[in-house]
Amino acid sequence: MDVSQYLEIFIEETKEHLQSLNEHILILEKEPENEATINEIFRAAHSLKGMAGTMGYQKMQRLTHDMENVFSEIRNGKMKVTSDLIDVLFKGLDALENYLVNIQTDGTEGDQEYSDIIDALKQILDKGLGNVTVSAEKAKPDSQGTTAVSENTGKFKFKALKLEEHEKKAIAKATSLNLNVVGMTIYIQEDCVLKGARAFMINKVLEEHGEIIKLYPSAQDLEDEKFDFDFSALVITNETPEKLISYAMSVSEVKEVVADYVRLEEKEYGTYMESIRQDESGVAAPKGEKESLKDGSQKPQKQAAKPIANRSVRVDIEKLDELMNLVSELIIAKNSLVSYSSTLDQQIHTEFFDQIEYLERITSNLHESVMKVRMVPIETVVNRFPRMIRDLSKSLGKEMELYMTGEDTELDRTVIDEIGDPLMHLLRNAADHGLESREDRIKLGKNPVGSIYLNAYQDGNNVVIEVRDDGRGIDTEKIKKVAAERGVYTKEQLDRMSEKEIIDILFMPSFSTSSKVSDISGRGVGLDVVKTKIEALGGEVEAKSKLHEGTTFTIRLPLTLAIMQALMVKLSSEKYALPLGNIQTVEHVDKNEIKIVNNTEVLNLRGTIIPIIRLGEILDCEKSKEQDELFVVVVKKGERLAGLVVDELMGQYEIVIKSIGKFIKAHKIVSGATILGNGEVALILDVNSLI
Amino acid sequence: MQIIDVRLGNDLYGIEIKYVNSIIVMQSITRVPKSQPYYLGVINLRGEIVPVMSLRRRLGLEDDVFSSSTRIMIIKPDDSAESVGLIVDEVNEVLTLAEENIKNINYDEKDSKAVFSAGIGKFGNDLINILNIPVIIGK
């Protein structure tokens, strides 16, 4: 079978299954008795095995199979969940992930056998059970014959079904009408790719010959593929079980079908017939036989046939990028219409202005919709962190707990792809440097188990992600000492610095306070990388700390990367865009209000002294003639303010952010360029880097 | 080898045709602060931002005087999608040069400007300095 067309689906789904396994095994470690979790693990492992087998990845299948055996024993209560066991299972998951990476790069699973893990799994099984063969056999149900009466009663899973009141009623009714009630259990081939669709087809075939009154798992679960490879059904029919088996077997990819008559016990039959008779004679429900049968059976079936939940489409990110580009183009075109319209008389061309307004509304709605489509919950990045913290906790020998909130906060896809590494860095830092050892924590009267928090939330046009720990906090004295030793700053400079400025030294390249280098962090390339990465995404990162109480890193990211609101300003004849998000206020001040303190220009803004930056001088613009009244754009970064002097304000615009390319160098405050309504190019200034 | 023959002052230069994406008339250029001195700024080329270089400044010649014949050659120097504009005084024609008419020049290592040349082509009585585009645009 040519499986290459399924490769992409396989990779995606395997990732999902592995993630689910990771998450659930973590839960299992804490709640070894949690049955739902064990079942979920078993199900994911089983699907994984089936898929790997279908795709012909035998090593992967083998390993999953061995892991599944262990899960199976846990599920049957024959084995206890121990920390060792969890460790081996995690190793197995890592190995599976490696296989997947290999498959992603060259389509083969590679030669790695991971026999050590397989042996470890075997040992665990041997220890837990005494022998391995039982479980090995179990995992592969024999695949012979399709006769109705098989000796293997275990296959007749429908016999174990619990019947609801109304279902029993329907059975009784059918029996009284001399109809057959047949229970069936259908086994689908394990290499079936779309087992949900198969189940649906089988049910459709069965419905042609009778009415399905019960499905287990439910029709919805079947459709969502929430079942292993078998399901059971109760059918009211004129046919014999043998006939039904042959109908079901006519659907391809069905491995085996078992069926038998289902009857109620004499006594039960009597009571249900009694209640049916009462119902029929009652005034409230004067329904014919057929309707009453339908009530119990057909309705839920019909409902379930309609897909309700999760109507989604997987789209290639490149297609979305293309769409976003087109929307950007449209906004540029709209802007040029708007700028052209300013030459017209609004009184005469009312119609035209109405249409322009309409167009503006549509384009901004369109932009918003496309942006929303590109949004991905941050969960896709952070869901691997609990596992990482567990591993760190083991390797560092510190007890710690990760608490996450706001995993459903959404961010642009491009940001999501980039944010993982910086977050991981910060978490590792918190675990390694932030949290004290168990002994120290007890000495300090703290909870011996350290806490790390990862909180995400939306704040206006930004998304904020906080990484917080309740550890020792940042020792500013230590930073000062190291900074002085390394000659980063002189002692005098350091003494004059505020606490915040000292903490900011941590973000400088090649500065790490950890005296010993561990393999987790402490190579001194940590925080500056985080800072660079976040700033490249148009965001910012800040640290706050209190000694012995903990440290908080706050990351602020823009919701979207492609389009933003900006204040257009003029510096002599040149136009520049300032991101609106950074702007606090715009002030009109007399030039005499600007004073010089310590060789820098400052402005007393309603009691706050803020530094003044002459943008024109920084950007080597032509000197414009000195005005008596100055426009000062007050910008904010974190808690710091600064005033930017500009020559003219042009107003607020929606601008499309474009890169100026890799060939031309530019001042570091130029973050990109945009195309104005008249086709001119204006540069976008990242005022953050000025403050 | 096919080249586009362009003029800077009285001299002829050749740009290999494989690098050339399009040729456009002079545009308004937005200055980029603190860029390399030979870049005049960026232009809007059908919705894309393209940096524009003064070939005269890059080659150490006198500064440009823009005229109606001034053109911007849009060049793609490598496999990436990014383009660069080169300003020339005039674009003449497309020429086909036989390999034997192209001579590599032995240049003095110290002459930093000479590395911009990929060879001298002879076409009739004209000598054409074929430009080494990757070196001119690279850092």
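Residues numbered from 1 in each chain as written. Chains lettered and ligands numbered in written order. Predicted model: local features only at pLDDT ≥ 70, side-chain atom pairs only at ≥ 80, totals over all residues.

**Here we look at the overall build of chain A**
At step 1: Regarding its fold elements, chain A presents 24 helices and 22 strands.
At step 2: Residues counted as buried form 34% of the 691 residues belonging to chain A.
At step 3: Considering only intrachain contacts with a sequence separation of at least 6, the fraction spanning at least 24 residues in chain A is 70%. (Helix = DSSP H or I, 4+ residues; strand = E, 2+ residues; numbered from the N terminus. Buried ≥ 20, exposed ≤ 12 C-beta atoms within 10 Å, placed from the backbone. Contact = placed C-beta atoms within 7 Å.)

**Some points on the overall build of chain B**
At step 1: Counting secondary structure elements, chain B contains two helices and eleven strands.
At step 2: Out of the 139 residues in chain B, the part that is buried amounts to 33%.

**Quick look at the interface of chain A and chain B**
At step 1: Each partner contributes residues to the interface: chain A has 23 residues there, and chain B has 18 residues.
At step 2: Counting only elements with at least two residues in the side of chain A that touches chain B, the list comes to α14 (317-341), β21 (670-675) and β22 (681-685) of chain A.
At step 3: Of the residues contributing to the side of chain A that touches chain B, the split by class is twelve nonpolar, four polar and seven charged. (Nonpolar A, V, L, I, M, F, W, Y, C, P; charged D, E, K, R; others polar.)

**Here's the deal with the sheet that holds strand β3 (residues 230-237) of chain A**
All names here are of chain A.
At step 1: The antiparallel open sheet is built from four strands, whose spatial order is β2-β3-β1-β4. Every other strand in the sheet has two partners, leaving β2 (210-216) and β4 (254-261) as the edge strands with one partner each. Sheet twist, expressed as the mean angle between neighbouring strand axes with direction ignored, is 25°.
At step 2: Sheet contacts for helix α8 (residues 195-208): β1 (180-188), β2, β3 and β4; angle to β2, the most-contacted strand, approximately 145°.
At step 3: Set on the sheet, helix α10 (residues 241-249) makes contact with β1, β3 and β4; between it and β4 the angle comes to about 160°. (Pairing = 2+ DSSP bridges. Axes fitted to C-alpha atoms, helices over the stretch in contact; angles between N-to-C directions.)

**Concerning the sheet that holds strand β11 (residues 126-131) of chain B**
Paired through their backbone hydrogen bonds, the strands of a sheet run either parallel or antiparallel.
All names here are of chain B.
At step 1: Pairing in this open sheet of six strands is mixed, and the strands run β8-β1-β2-β11-β10-β9 from one edge to the other. Two strands lie at the open edges of the sheet, namely β8 (90-96) and β9 (102-103), each paired on one side alone.
At step 2: Sheet topology note: the β9/strand β10 (residues 117-123) ladder contains two bridges and is antiparallel. Pairing of I102 across the sheet is with G121, part of β10.

**Looking at unusual backbone geometry**
Residues and elements named next belong to chain A.
At step 1: For the peptide bond that leads from Y216 to P217, omega is 0°, which places it in the cis range.
At step 2: For P217, the location among the structural elements is in the loop between β2 and α9 (219-223).
At step 3: Positioned with a positive phi, N599 is a non-glycine residue whose angle comes to about 70°.
At step 4: In this fold, N599 is placed in the loop between β15 (594-597) and β16 (600-605).
At step 5: A positive phi angle is found at R606, which is not glycine, with a value near 45°.
At step 6: Within the fold, R606 resides in the loop between β16 and β17 (608-614).

**Points about the confidence of the model for chain A**
All names here are of chain A.
At step 1: In this model, chain A carries an average pLDDT of 79, and 88% of its residues clear a pLDDT of 70 or more.
At step 2: Overall, residues 130-152 carries pLDDT values under 50, and its contacts beyond four positions in sequence, including any with other chains, amount to 28 contacts.
At step 3: Predicted confidence is poor over residues 515-525, with pLDDT under 50, and the contacts of this stretch with residues over four places away or in other chains come to 21 contacts. (pLDDT = per-residue confidence, 0-100.)

**Brief notes about the pairing of strand β5 (residues 48-54) of chain B**
Note on strand geometry: in a regular strand, side chains alternate between the two faces of the sheet.
All names here are of chain B.
At step 1: Of all seven residues making up β5, six are buried, and the element is well covered by its neighbours.
At step 2: As paired elements, strand β4 (residues 39-45) and β5 share six bridges and run antiparallel to each other. Note that in β5 the partner of I43 across the bridge is V50.
At step 3: Pairing geometry for β5 and strand β7 (residues 84-88), over three bridges, is parallel. Following the sheet pairing, V52 is matched in β7 by G85.

**Structural notes on the nonpolar core**
At step 1: Among the nonpolar cores identified, the biggest contains 79 residues, and L644(A), V42(B) and V52(B) are the most heavily contacted of them.
At step 2: Domain assignment of the residues forming this core places at least three in each of domain 3 (324-374) and domain 5 (563-690) of chain A.
At step 3: When neighbours within four sequence positions are excluded, V52(B) is seen to be in contact with I29(B), Y39(B), L40(B), G41(B), V42(B), I43(B), I72(B), G85(B) and I87(B). (Core = buried A, V, L, I, M, F, W, Y, C linked by C-beta atoms within 7 Å. Domains from an automatic or database assignment.)

**Focus: α14(A)**
At step 1: The end-to-end C-alpha distance of α14(A), which contains 25 residues, comes to 36 Å, matching closely the 36 Å that a straight helix rising 1.5 Å per residue would cover.
At step 2: Among the residues making up α14(A), those that are buried are M324(A), V327(A), S328(A), I331(A), I332(A) and N335(A). (Expected span 1.5 Å × (residues − 1).)

**Points about the environment of E477(A)**
At step 1: With respect to the secondary-structure elements, E477(A) resides in helix α20 (residues 476-485).
At step 2: Spatially, the C-alpha atoms of E477(A) and E499(A) are 9.6 Å apart, while their sequence positions differ by 22 residues.

**Brief notes about the packing of helix α3 (residues 58-75) of chain A against helix α4 (residues 83-106) of chain A**
All names here are of chain A.
At step 1: At a closest axis distance of 10 Å, the pairing of α3 and α4 adopts a crossing angle of 160°. The orientation of α3 relative to α4 falls into the category roughly antiparallel. In terms of crossing hand, the pair formed by α3 and α4 is left-handed. Where α3 abuts α4, its residues K59, M60, L63, T64 and M67 lie against L89, G92, A95, L96 and Y99.
At step 2: Residue composition of the contact of α3 with α4, by class: seven nonpolar, two polar and one charged. (Parallel < 35°, antiparallel > 145°, perpendicular 65-115°, else oblique. Left-handed = near helix turned anticlockwise from the far one by under 90°.)

**Some details on helix α7 (residues 165-176) of chain A**
Residue and element names in this part refer to chain A.
At step 1: Between its terminal C-alpha atoms α7 stretches 17 Å, which fits the 16 Å expected from twelve residues at 1.5 Å a residue.
At step 2: What α7 keeps buried is the set K169, A170, I171, A172, K173 and A174.
At step 3: Directly beyond the C-terminal end of α7, a positive phi value near 65° is found at N178.

**Brief notes about the packing of α8(A) against α10(A)**
Residue and element names in this part refer to chain A.
At step 1: One can describe the packing of α8 onto α10 by two numbers: an axis separation of 9 Å at closest approach and a directional angle of 140°. Comparing their axes, α10 and α8 come out oblique. Along this stretch, α8 crosses α10, giving a crossing that reads as right-handed. The segment α8 lies against α10, with I202, V205 and L206 engaging L244, Y247 and A248.
At step 2: Here the contact of α8 with α10 is built from residues that sort into six nonpolar, no polar and no charged.

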